[in-house]
Structure formats: C-alpha cells, structure tokens
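The chain contents come next:
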Amino acid sequence: MDALHAACKEAKEQRVVFIAVEQQGPRWAVKADALTAPQHTIGTAVYDAVREAVIRLIRSWEIRPDSSAGPVYFVLYDVDGEGRARELAAALHAALYGDLEPLTRAVPPMS
C-alpha cells in the first residue's frame, strides 16, 4: 500500500492522471484517477468510449459488475492476470489522454 500511496502522491505533484495495477489475491485491479490532474479534462467522446469499453468488459464477465466507469475515477476489478491488467491500464491511460486506438484493440467493439 505504501508504494501505491507514493505513486498517487507523485501523480498529484506532477499533475498527471494516476494509473495503477494492483494485485488483489489471484486477480488484478486497474485503477485510474483523473483528480490527480486538475487541469486535465476528459472529453465527452473519450468518456463515452471508456464507459462503453467498461460495459463490454462487464458483459463479457472479464471484470466485476461493481467496476467503475468514471467520470474521473475508474476501477476495473477482477482482471485475470497481470499481463491483461497492464494491457488494460495502458489502454485506459492512452484513452484518457485522447488516444482511443489502444482501447479499441484491447476491448474491441461487439459486432
């Protein structure tokens, strides 16, 4: 927990979006907090894309239904494996800074 708090504090000091992966027993959580970046805004299109991706992950049972889809704090619970958690964290981070392509690759739209 000390490392998590230190990383969050550093994000606040640098005024950037905080992103973390956290092992929770055998599963993982992805966390993003835009409150650490007070001047950063998340546009409607980005928020909608992230929200839709979270809904797809919930509907596919890849994350728990009590995961959070923002608008400024995002948590994806019960991710299966560190690799997948890191992939989702990187995609979420890119999306929150306006690059939706990694999120689209990580969580493709349902056809």
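Preceding this paragraph is the structure being described.
This section reports on the structure supplied with the text. Residue positions are given per chain, counted from 1 along the sequence in the order it is written. Given that the model is predicted, a residue must reach a pLDDT of at least 70 before its local features are reported, and side-chain atom pairs must reach 80 or more before they are shown or counted; all residues, however, enter totals for whole chains, interfaces and linings. As a rule here, side-chain values cover all heavy atoms of the structure and leave hydrogens and water aside.

## Section: the nonpolar core
Grouped burial of nonpolar side chains is what soluble globular proteins tend to show.
Here comes step 1: Take the buried Ala, Val, Leu, Ile, Met, Phe, Trp, Tyr and Cys residues and link them wherever side-chain atoms come within 4.5 Å; each set so joined is a nonpolar core. Any residue under 20% of the maximum accessible area for its type is buried, any over 50% is exposed, and the rest in between are partly exposed; the area is computed with a 1.4 Å probe on protein chains only. Val30, Val50, Leu76, Val79 and Leu88 are the most contacted members of the largest nonpolar core, which has 26 residues in total.
Here comes step 2: Helix and strand assignments follow DSSP, with helices taken as H or I runs no shorter than four residues and strands as E runs no shorter than two, numbered in order from the N terminus. Those elements that place two or more of their residues in this core are β2 (27–33), α2 (44–59), β4 (73–79), α3 (82–96) and α4 (101–106).
Here comes step 3: Counting residues per element, this core draws most heavily on α3, which supplies seven residues.
Here comes step 4: Contacts of Val30, omitting those with residues within four sequence positions, involve Ala20, Val21, Phe74, Val75, Leu76, Val79, Ala85, Leu88, Ala89 and Leu92. Contact between two residues is taken to exist if any of their heavy atoms lie within 4.5 Å; hydrogens are not considered.

## Considerations on α2
Here comes step 1: Over its 16 residues, α2 extends 22 Å from the first C-alpha to the last, a length consistent with the 22 Å expected when each residue adds 1.5 Å.
Here comes step 2: Buried residues in α2 make contact with β3 (68–69), β4, α3 and α4. Every helix has an expected span of 1.5 Å times one less than the residues it contains.

## Re the environment of Trp28
Here comes step 1: Relative to the assigned elements, Trp28 resides in strand β2.
Here comes step 2: Judged by relative accessible area, which is 12%, Trp28 ranks as buried.
Here comes step 3: When the C-alpha positions of Trp28 and Arg86 are compared, they lie 9.4 Å apart, and in sequence the two are 58 residues distant.
Here comes step 4: In contact with Trp28, other than residues within four places in its own chain, are Val21, Glu22, Gln23, Leu76, Tyr77, Asp78, Val79, Gly81, Glu82 and Ala85.

## Some points on the packing of α2 against α3
Axis angle and axis distance: for two packed helices, these are the angle between their axes and the distance between the axes, and together they describe the pair.
Here comes step 1: Between the N-to-C directions of two axes lies an angle of 0 to 180 degrees, each axis being a line fitted to C-alpha atoms and, for a helix, fitted only over the stretch in contact. Contact geometry of α2 with α3 gives a least axis separation of 9 Å together with a crossing angle of 160 degrees. When the axis of α2 is compared with that of α3, the two are roughly antiparallel. Across the interface between the two elements, Val46, Val50 and Leu57 of α2 pack against Arg84, Leu88, Leu92, Ala95 and Leu96 of α3.
Here comes step 2: Taken together, the residues that form the contact of α2 with α3 break down as seven nonpolar, no polar and one charged. Roughly parallel means an angle under 35 degrees; roughly antiparallel, over 145; roughly perpendicular, 65 to 115; everything else is oblique. Throughout this entry, Asp, Glu, Lys and Arg are counted as charged residues, while Ala, Val, Leu, Ile, Met, Phe, Trp, Tyr, Cys and Pro are counted as nonpolar. The remaining residues, Gly among them, count as polar.

## A few points about the pairing of β2
Here comes step 1: Burial within β2 is extensive, with six of its seven residues counted as buried.
Here comes step 2: Only when DSSP finds a minimum of two bridges between them are two strands counted as paired. Counted along the chain from strand β1 (residues 18–24) to the antiparallel partner β2, the turn is two residues long, and its residue Gly25 has a positive phi close to 70 degrees.
Here comes step 3: In the sheet, β2 pairs with β4 via five bridges, with the strands oriented antiparallel. Opposite Ala32, over in β4, you have Phe74 as the bridge partner.

## Structural notes on the pattern of salt bridges
Here comes step 1: Salt bridge, as used here, is a side-chain nitrogen of Lys or Arg placed within 4 Å of a carboxyl oxygen of Asp or Glu. Evaluated as defined, the whole model comprises nine salt bridges.
Here comes step 2: The closest approach of N and O atoms between Asp80 and Arg27, which form a salt bridge, is 3.5 Å. You can see Asp80 sitting in the loop between β4 and α3 and its partner Arg27 sitting in strand β2, a full 53 residues away along the chain.
Here comes step 3: The salt bridge involving Asp78 is made with Arg64; its shortest N-O contact spans 3.8 Å. Here Asp78 is found in strand β4, whereas its partner Arg64 is found in the loop between α2 and β3, with 14 residues between them in sequence.
Here comes step 4: In the salt-bridge network here, residues are joined through shared partners; they are Glu62, Arg84 and Glu87.

## A short note on the side chain of Arg56
Here comes step 1: By secondary structure assignment, the location of Arg56 is in helix α2.
Here comes step 2: In this structure Arg56 is buried but unpaired, with Glu52 as the nearest side chain of opposite charge at 4.8 Å.
Here comes step 3: The contacts of Arg56, once residues within four sequence positions are left out, are Val107, Pro108, Pro109 and Met110. None of His or the chain ends enter the tally, which takes Lys and Arg as positive and Asp and Glu as negative.

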